[in-house]
Amino acid sequence: MLEMFETEFMQRAWLAGLIVAVICPLIGSFFVLRRQSMIGDGLGHIAFAGVAGGALMGWQPVLSAAAVTVFGALVIEWVRTRLAAFSEMILAIFFYSGIGLAVVFTSMNRMGGFNLSSILFGSLMTISSDLWIVAGLGIFACIFVVLFYRPLQYLTFDETSARVAGLPADRLNMWLAVLTALTVALSMRIVGLLLVSAMMVIPVACALQTARSFAGTIYG
């Protein structure tokens, strides 16, 4: 069975899957405890709109998806901080707007330009230069969480107190939103848009059943 790992494309697929399996729950830990578990799903639909729009315009789908998803994440975070009581409603609006735009762009595209199944369900076997981009994202995500673990933990459990304590809440939230958007956009080639949200939520939900601390949830 180990013979299949002797081929280069299987090694790339295994490494890419392992990196995504680490960074998705790592980022998802903060959002699950913030009661924003659907953020991955919402950004996934925005990324889908970016892919369809990029294919329609003749752009590189992954780059267009990353740009659109980062913009969407920043807008969501900006609105959320001003309408905190309606955060779930805001996510729902972007959720359905993204899928609606994706349907419109896809119907307008008569030339093709992207493989729909590989976007929705991923395609590990086609990973090539994307591995280095995903690896860079994984390293950045881990460094970001290690450096700002305490402020992020404070924001997760009590954002109001964190602001009163003088933490740069807006800046940290924006960086976390950008990191989440890039994770969703880049992971779609590996696990697919339909599974990114699940990988950000389900491992965290399982870890919460046995973990005794927030750090234990992340390590679990």
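Let me sum up the structure you'll find in this document. (Residues numbered from 1 in each chain as written. Predicted model: local features only at pLDDT ≥ 70, side-chain atom pairs only at ≥ 80, totals over all residues. Heavy atoms only, no water.)

Describing the overall build of the protein chain
Quick reminder of the rule: Only DSSP runs of H or I reaching four residues or more are called helices, and only runs of E reaching two or more are called strands; each is numbered from the N terminus. Note on exposure labels: buried denotes an accessible area under 20% of the residue type's maximum, exposed denotes more than 50%, and partly exposed covers the range between, all computed with a 1.4 Å probe on protein chains only. Two residues qualify as a contact provided that any one of their heavy atoms is within 4.5 Å of a heavy atom in the partner residue. The Shrake-Rupley method, run with a 1.4 Å probe, gives the accessible areas here. Residue values count only the displayed protein chains as cover.
Check the secondary structure of the protein chain and you find 11 helices and 0 strands. When the elements of the protein chain are put in sequence order from the N terminus, they spell out α-α-α-α-α-α-α-α-α-α-α. When the 220 residues of the protein chain are sorted by exposure, 47% land in the buried category. Sequence-distant contacts, at least 24 apart, represent 78% of the contacts inside the protein chain between residues at least 6 apart. For the protein chain, the computed accessible surface area is about 11,500 Å², with 70% contributed by carbon and sulfur atoms.

Comments concerning the pattern of salt bridges
The cut-off we apply is this: Salt bridges are defined as contacts in which a side-chain nitrogen from Lys or Arg sits within 4 Å of a carboxyl oxygen from Asp or Glu.
Here the structure, examined in full by the defined rule, presents 2 salt bridges. Between Glu159 and Arg163 there is a salt bridge whose closest N-O contact spans 2.9 Å. Linking Glu159 with Arg163, this pair stays in helix α8 (residues 159-164), spanning 4 residues, or about one helical turn. Taking the relative accessible area as the measure of exposure, Arg163 reaches 34% and is therefore partly exposed. Between Arg163 and Asp170 there is a salt bridge; the shortest N-O distance is 2.8 Å. The class of Asp170 is partly exposed, set by a relative accessible area of 43%.

So, the environment of Phe157
Tracing the backbone shows Phe157 in helix α7 (residues 149-157). A relative accessible area of 55% places Phe157 in the exposed class. As for Phe157 and Phe214, which are separated by 57 residues in sequence, their C-alpha atoms are 10.0 Å apart. Setting aside anything within four residues of it in sequence, one finds Phe157 in contact with Leu33 and Phe214.

Brief notes about the packing of helix α2 (residues 39-57) against helix α10 (residues 193-208)
Note the threshold: Helix axes are fitted only over the stretch in contact, all axes being lines through C-alpha atoms; the angle between N-to-C directions runs from 0 to 180 degrees. Angular relationships are summarised with four words: roughly parallel below 35 degrees, roughly antiparallel beyond 145, roughly perpendicular across 65 to 115, and oblique for the angles in between. In this scheme, a crossing is called left-handed if the near helix is turned counterclockwise away from the far one by less than a right angle; it is called right-handed if the turn is clockwise. Only Asp, Glu, Lys and Arg are considered charged, only Ala, Val, Leu, Ile, Met, Phe, Trp, Tyr, Cys and Pro nonpolar, and every remaining residue, Gly among them, polar.
Two numbers describe how α2 lies on α10: the axes approach to 8 Å, and their chain directions differ by 160°. Taken together, the axis directions place α2 and α10 in an arrangement best described as roughly antiparallel. Of the two elements, α2 crosses α10, and the hand of that crossing is right-handed. Along its contact with α2, which presents Gly40, Asp41, Gly44, Ala47 and Phe48, the element α10 presents Leu193, Ser197 and Met200. The class makeup of the residues in the contact of α2 with α10 is 4 nonpolar, 3 polar and 1 charged.

Things to note about a nonpolar patch on the surface
Heads up, the rule is: Only residues whose relative accessible area exceeds 30% and that form no salt bridge enter a patch; like-charged residues are grouped when within 9 Å of one another, and nonpolar side chains (Val, Leu, Ile, Met, Phe, Trp, Tyr) when within 5 Å.
Side chains of Trp14, Leu15, Leu18 and Val22 sit close together on the surface and give an oily, nonpolar patch of about 370 Å² of accessible area. Turning to its location among the elements, Leu15 is positioned in helix α1 (residues 8-33). For Leu15, a relative accessible area of 38% translates into the label partly exposed.

Some words on the packing of aromatic side chains
Stated formally: For this analysis, a ring pair means two rings from Phe, Tyr or Trp (six-membered ring only for Trp) whose centres lie within 6.5 Å, classed as stacked if their planes differ by under 30 degrees, edge-to-face if by over 60, and tilted for the remaining angles. Our definition puts a charge over a ring when NZ of Lys or CZ of Arg is within 6 Å of the ring centre and also within 35 degrees of the ring normal.
Under the defined criterion, the tally for this structure stands at 3 aromatic pairs. Seen in terms of ring centroids, Phe144 and Phe148 are 5.3 Å apart; in terms of plane orientation they differ by 45°. Their pairing is tilted. A network of ring pairs unites the aromatic residues Phe140, Phe144, Phe148 and Trp175 as a single cluster. Note that Arg34 overlies the ring of Phe31, its terminal NZ or CZ placed 5.9 Å from the centroid.

Topic: the nonpolar core
So the rule is basically this: Take the buried Ala, Val, Leu, Ile, Met, Phe, Trp, Tyr and Cys residues and link them wherever side-chain atoms come within 4.5 Å; each set so joined is a nonpolar core.
Judged by nonpolar contacts, the single largest core of 53 residues is most densely connected at Leu43, Ile76, Leu176, Val184, Met188, Ile190 and Leu193. Elements represented by at least two residues in this core include exactly α1, α2, α3 (61-82), α4 (87-108), α6 (130-147), α7, α9 (169-187) and α10. If we skip the residues at most four places from it in the chain, Ile76 touches Ile39, Leu43, Ile46, Ile90, Leu91 and Phe94.

Some details on the side chain of Gln153
The cut-off we apply is this: What qualifies as a polar contact is a pair of N or O atoms within 3.5 Å, subject to a donor-acceptor requirement within protein and to the restriction that residues adjacent in sequence count only when both atoms come from side chains.
Structurally, Gln153 can be placed in helix α7. Here Gln153 falls in the buried class, since its relative accessible area comes to 18%. A distance of 3.1 Å separates polar atoms of two side chains, one belonging to Gln153 and the other to Arg150. Once residues lying within four places of it in the same chain are set aside, the contact partners of Gln153 are Phe30 and Phe214.

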